[in-house]
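Residue-level listing of the chains:
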Amino acid sequence: MPSSEQELQPWLHDLVTTLCAPTTVLAEPSGQIRGTGAQGVLHSDVRVLRRALLRVNGEEPEPVGGGAVSAGIARFVSVPRALASGAVRIDRTRTVTAGEVSERIVLTSVSSQPVSLRVELELGTDLARVETFRAGRATEDAPASGGHPVRWGDGGARVMVSAPGAQRVDSTDPPHLQLCWSVELPPRGTKSLGWNLTASTEATPVIAPGLTSVLGRSLTVQADDHRIAALLSTSWSDLRALRMAPADDPSAVFLAAGSPWYFTLFGRDSIWAARFLLPFGTDLAEGTLRALAARQGTAVNPATAEEPGKIPHEIRSGTTRIGSMTLPPLYYGTVDATPLWICLLHDAWRWGLAEESVQALLPALEAALGWMQNHGDPDGDGFLEYLDRSGHGLANQGWKDSPDSVRFADGTIAEGPVALCEVQGYAYEAAVHGAALLEHFGRPDALFWRDWAQGLAERFRARFWVTRDDGMHFPALARDGAQRPVDSLTSNIGHLLGTGLLTAAESEHVAALLARPELSSGHGLRTMATSEGGYDPLSYHCGSVWAHDTAIAIHGLTRAGLGTAAFGLVEGLLAAGAGFGYRLPELYGGDPAGYTAGPLPYPTACRPQAWSAAAIGPIVQALAGLSAENGTLECLPPEGSPFGALEVSGLRFGREELTVSVERDGRGRLHPPAEGLRGSSPTA
């Protein structure tokens with residue numbers, strides 16, 4: 001969710017993130033944690049350490065280089081230049097696990113003489129909640145208890161820092177707390193120091209999952225295009241670091257939306273991430289489905305946007321206040337999470353989720369379908385829509401949830417209630433696939449939902465497709481409260497692909513629109529075309545590029561049988577990945593590829609973000625032409641791939657673990673051979 005215009009969010013793009021949910025460390029590229037902006041150690045939405053500044057003989061060492069080695073490990077190299085040039089090298093290796101941060105500091109001398117050093121670690125914390133410093137509000141250091149180890153605590157959060165061999169030194173001018181070591185380095189000698197932090201918070205609704213097999217396997221990737229292996233490796237590490245579970249059901253593993261602002265269960269984000277990753281198994285999907293179903297709405301409550309059958313938007317440990325928004329701990333302000341939950345359940349079933357697991361979720365399925373019929377269309381116009389009735393919730397409740405994201409072609413902001421085009425695609429797919437589940441499991445109303453979907457398709461074709469004066473013909477972004485089509489060309493149309501709402505000819509037309517330079521930036525899809533009045537390449541939702549948005553289009557093109565049309569978007573994500581060290585951020589600038597040396601960062605974007613990292617799923621699925629239907633997994637790579645040979649092991653279909661291979665001649669293979677697995681060449 002974006003900040004309001006009155007807030008100045010701290011920038012993230014120039015920080016090094018090291019994480020293992022629900023703990024993350026945000027540091028300068030030097031490794032220093034200075035306490036400005038968002039820097040610090042965060043645990044369960046509390047900043048449990050604000051500063052960790054290393055000094056040698058009273059001076060900060062000069063950084064040489066370093067950064068993230070994996071999701072949970074970072075390494076930084078520096079030299080204290082006040083000493084004889086190059087006499088001592090400092091290697092800091094920081095490791096993050098759930099609730100713990102440890103740092104090993106190795107001092108290495110290249111001098112032929114002994115070197116005496118005083119190594120100081122300045123510490124401080126404010127125990128601030130994430131929304132406080134996210135809004136740029138000032139905080140003050142919290143008092144530490146006496147002695148060493150150093151402890152802080154306010155009842156809701158507790159943190160302890162220990163440093164073997166160090167002495168605690170408190171200064172009053174200026175006031176700060178230090179842990180200090182006196183070090184004697186022999187000629188060309190080495191000394192290892194270290195510090196360790198442990199943190200805990202009370203009454204958190206989501207926790208680290210502990211030992212889990214979800215995404216527990218290693219991926220092995222071989223590819224002619226080296227970017228594919230690099231992106232899959234980095235993303236897999238990040239995805240594993242984002243695993244969380246509800247405190248009341250630790251086995252229901254889901255992916256937290258992203259670091260550092262969204263370390264929790266988000267309906268839409270967690271669903272899309274699990275859906276993208278179905279080629280790697282259904283366990284994550286099952287956990288996500290269960291975690292959300294357990295919080296499915298049962299009553300009508302405008303203050304929380306709860307309605308019977310509705311899937312929630314997000315869950316927090318307390319009330320969240322951001323600008324004019326005040327969101328309750330369990331908030332339901334999302335129009336799309338409910339149909340997307342149904343789509344995930346169906347897709348997981350197709351990918352081999354056990355029948356008994358699906359059957360246990362059928363009551364939640366029926367309730368979700370009921371929400372689409374009874375509450376999703378409050379004005380009765382035949383489309384799913386939203387309107388914030390609380391006055392303090394999200395103004396826009398689709399995935400583009402910033403206040404200015406729904407604009408007409410001239411840039412005018414639409415007024416609600418708003419019916420988004422992609423939500424109608426989700427609803428159509430949910431109705432058709434929900435009907436398939438009902439029929440398969442002997443539940444009633446399958447025919448009703450197929451008829452409902454057919455009626456929606458007819459209404460959509462009549463009232464969403466627009467032809468503008470410039471000759472452009474496409475599905476409108478939305479319909480506004482006055483029943484007018486919001487006639488801007490946006491990436492939202494890519495979400496319609498593969499839902500079944502479009503005819504084959506309409507799908508081909510939309511695919512051609514996505515390939516136009518107005519939408520395709522060379523680093524992925526722009527959220528809004530350059531031709532539109534509201535376009536801004538560094539806006540949140542009106543011209544920036546979101547990796548997951550592009551991945552949804554890739555996913556839809558593959559499902560619509562238009563895999564070749566996905567190659568350009570795959571290339572865009574690979575190019576963007578290379579520009580960001582293969583850790584795709586939440587979003588980035590929409591300037592055309594080549595405008596600068598690489599894609600421009602969006603300075604406040606989360607990184608890593610679950611559905612950005614999970615884009616590896618649609619990429620593999622598109623390049624291998626993977627399709628799961630009726631107990632069969634097919635591998636039919638589309639013709640003309642520019643990416644060469646590819647082999648990925650660690651995939652799953654049902655209980656089978658398998659490897660997918662695409663040869664340079666386009667031939668696809670799934671192995672080891674098993675019943676229900678089919679691989680072939682599209683030209684065979």
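Quick caveat, the model's predicted, so the values are computed rather than measured.

Engineer: So what exactly am I meant to see when it comes to the state of the cysteines here?
Structural biologist: Two cysteines whose sulfur atoms are joined by a covalent bond form what is called a disulfide. Evaluated as defined, the whole model comprises 0 disulfides. A disulfide-free cysteine, Cys 343 has its sulfur positioned 15 Å from the sulfur of Cys 421, the nearest such atom. Classification of Cys 343 by relative accessible area gives buried; the value is 0%. Just so you know, Cys 606 is unpaired, no disulfide at all, and the nearest cysteine sulfur is the one on Cys 20, 17 Å from it.

Engineer: I tried to follow the packing of aromatic side chains on my own but got confused; where do I start?
Structural biologist: Aromatic ring pairs are described here by two measures, namely the spacing of the ring centres and the angle between the planes. This structure, assessed with the given rule, holds 17 aromatic pairs. Plain terms: the ring middles of Phe 580 and Tyr 588 are 5.4 Å apart, the flat faces sit at 50° to each other, and that makes the pair tilted. Exposure remark for Phe 580: the relative accessible area of 10% places this residue in the buried category. Tyr 588 gets classed as buried once you look at its relative accessible area, which sits at 0%. One Lys or Arg, Arg 47, reaches over the ring of Phe 133 and ends 4.1 Å from the middle of that ring.

Engineer: What is the right way to read the sheet that holds strand β24 (residues 419-420) from this model?
Structural biologist: Strand-to-strand pairing in sheets goes through backbone hydrogen bonds, with the strands running parallel or antiparallel. Here 3 strands make up an open sheet; going across it, the order is β24-β27-β28 and the pairing antiparallel. The open sheet has two edge strands with one neighbour each: β24 and β28 (485-486). Direction of pairing for β24 relative to strand β27 (residues 478-479): antiparallel, over a ladder of 2 bridges. Bridge pairing in β27 links Ala 419 to Arg 479.

Engineer: I keep staring at the packing of helix α7 (residues 362-374) against helix α9 (residues 446-463) and nothing clicks. Help me out?
Structural biologist: Between two packed helices, both the angle of their axes relative to each other and the distance between the axes serve to describe the pair. Where α7 contacts α9, the axes come no closer than 12 Å and their chain directions differ by 40°. Compared by their axis directions, α7 and α9 come out oblique. As for the relative orientation of α7 and α9, their crossing is left-handed in sense. Mapping the contact onto sequence places Leu 369, Gly 370, Met 372 and Gln 373 in α7 and Phe 448, Trp 449 and Trp 452 in α9.

Engineer: Can you walk me through the pattern of salt bridges in this structure?
Structural biologist: As a working rule, side chains carrying opposite charge can pair if their charged atoms are close by. Summed over all chains, the structure comprises 39 salt bridges. Close ionic contact of Asp 404 with Arg 407 constitutes a salt bridge, the shortest N to O distance being 3.4 Å. Look at Asp 404 and you get partly exposed, because its relative accessible area is 25%. The closest approach of N and O atoms between Arg 450 and Glu 439, which form a salt bridge, is 3.2 Å. Of this pair, Arg 450 sits in helix α9 while Glu 439 is found in helix α8 (residues 421-440), placing the two residues 11 residues apart along the sequence. Classification of Arg 450 as partly exposed rests on a relative accessible area of 32%. With relative accessibility at 51%, the residue Glu 439 sits in the exposed group. Counted as one network, the salt bridges with shared partners bring together Arg 47, Arg 50, Arg 51, Arg 55, Glu 122, Asp 126 and Asp 141.

Engineer: What is the right way to look at the pairing of strand β4 (residues 46-49) in this model?
Structural biologist: If a strand is regular, its side chains alternate between the two faces of the sheet. Summarising the sheet, strand β3 (residues 40-43) and β4 pair through 3 bridges and their orientation is antiparallel. Its bridge partner being in β4, Val 41 is matched across the sheet by Leu 49. Between β3 and β4, which follow one another and run antiparallel, lie 2 residues, and Ser 44 among them has a positive phi close to 50°.

Engineer: Teacher, can you tell me more about helix α12 (residues 567-579) here?
Structural biologist: The α-helix advances 3.6 residues per turn, and as a result positions three or four apart in sequence lie on the same side. Look at α12: 18 Å from first C-alpha to last across 13 residues, which is about the 18 Å you get at 1.5 Å a residue. Against α2 (226-241), α11 (547-559) and α14 (616-624) lie the buried residues of α12. Trailing α12 by a residue or two, Gly 581 shows a phi angle of about 65°, which is positive.

Engineer: What is the right way to look at the sheet that holds strand β29 (residues 626-629) in this model?
Structural biologist: With mixed pairing, 3 strands are arranged side by side in an open sheet as β29-β30-β34. A strand with exactly one partner marks an edge of an open sheet, and here the two such strands are β29 and β34 (677-679). Within the sheet, the average angular offset between the axes of one strand and its neighbour, ignoring direction, is 15°. By the bridge criterion, 4 bridges tie β29 to strand β30 (residues 632-635) in an arrangement that is antiparallel. Bridge pairing in β30 places Ser 627 opposite Glu 634.

Basis of the calculations
Residues numbered from 1 in each chain as written. Predicted model: local features only at pLDDT ≥ 70, side-chain atom pairs only at ≥ 80, totals over all residues. Heavy atoms only, no water. Disulfide = S-S within 2.5 Å. Buried < 20%, exposed > 50% of the residue type's maximum accessible area, 1.4 Å probe, protein only. Phe/Tyr/Trp six-rings, centres within 6.5 Å; stacked < 30°, edge-to-face > 60°. Lys NZ or Arg CZ within 6 Å of the ring centre and 35° of its normal. Pairing = 2+ DSSP bridges. Helix = DSSP H or I, 4+ residues; strand = E, 2+ residues; numbered from the N terminus. Axes fitted to C-alpha atoms, helices over the stretch in contact; angles between N-to-C directions. Parallel < 35°, antiparallel > 145°, perpendicular 65-115°, else oblique. Left-handed = near helix turned anticlockwise from the far one by under 90°. Contact = heavy atoms within 4.5 Å. Salt bridge = Lys/Arg side-chain N within 4 Å of Asp/Glu carboxyl O. Expected span 1.5 Å × (residues − 1).

Function-wise, these values are silent; they only describe arrangement.
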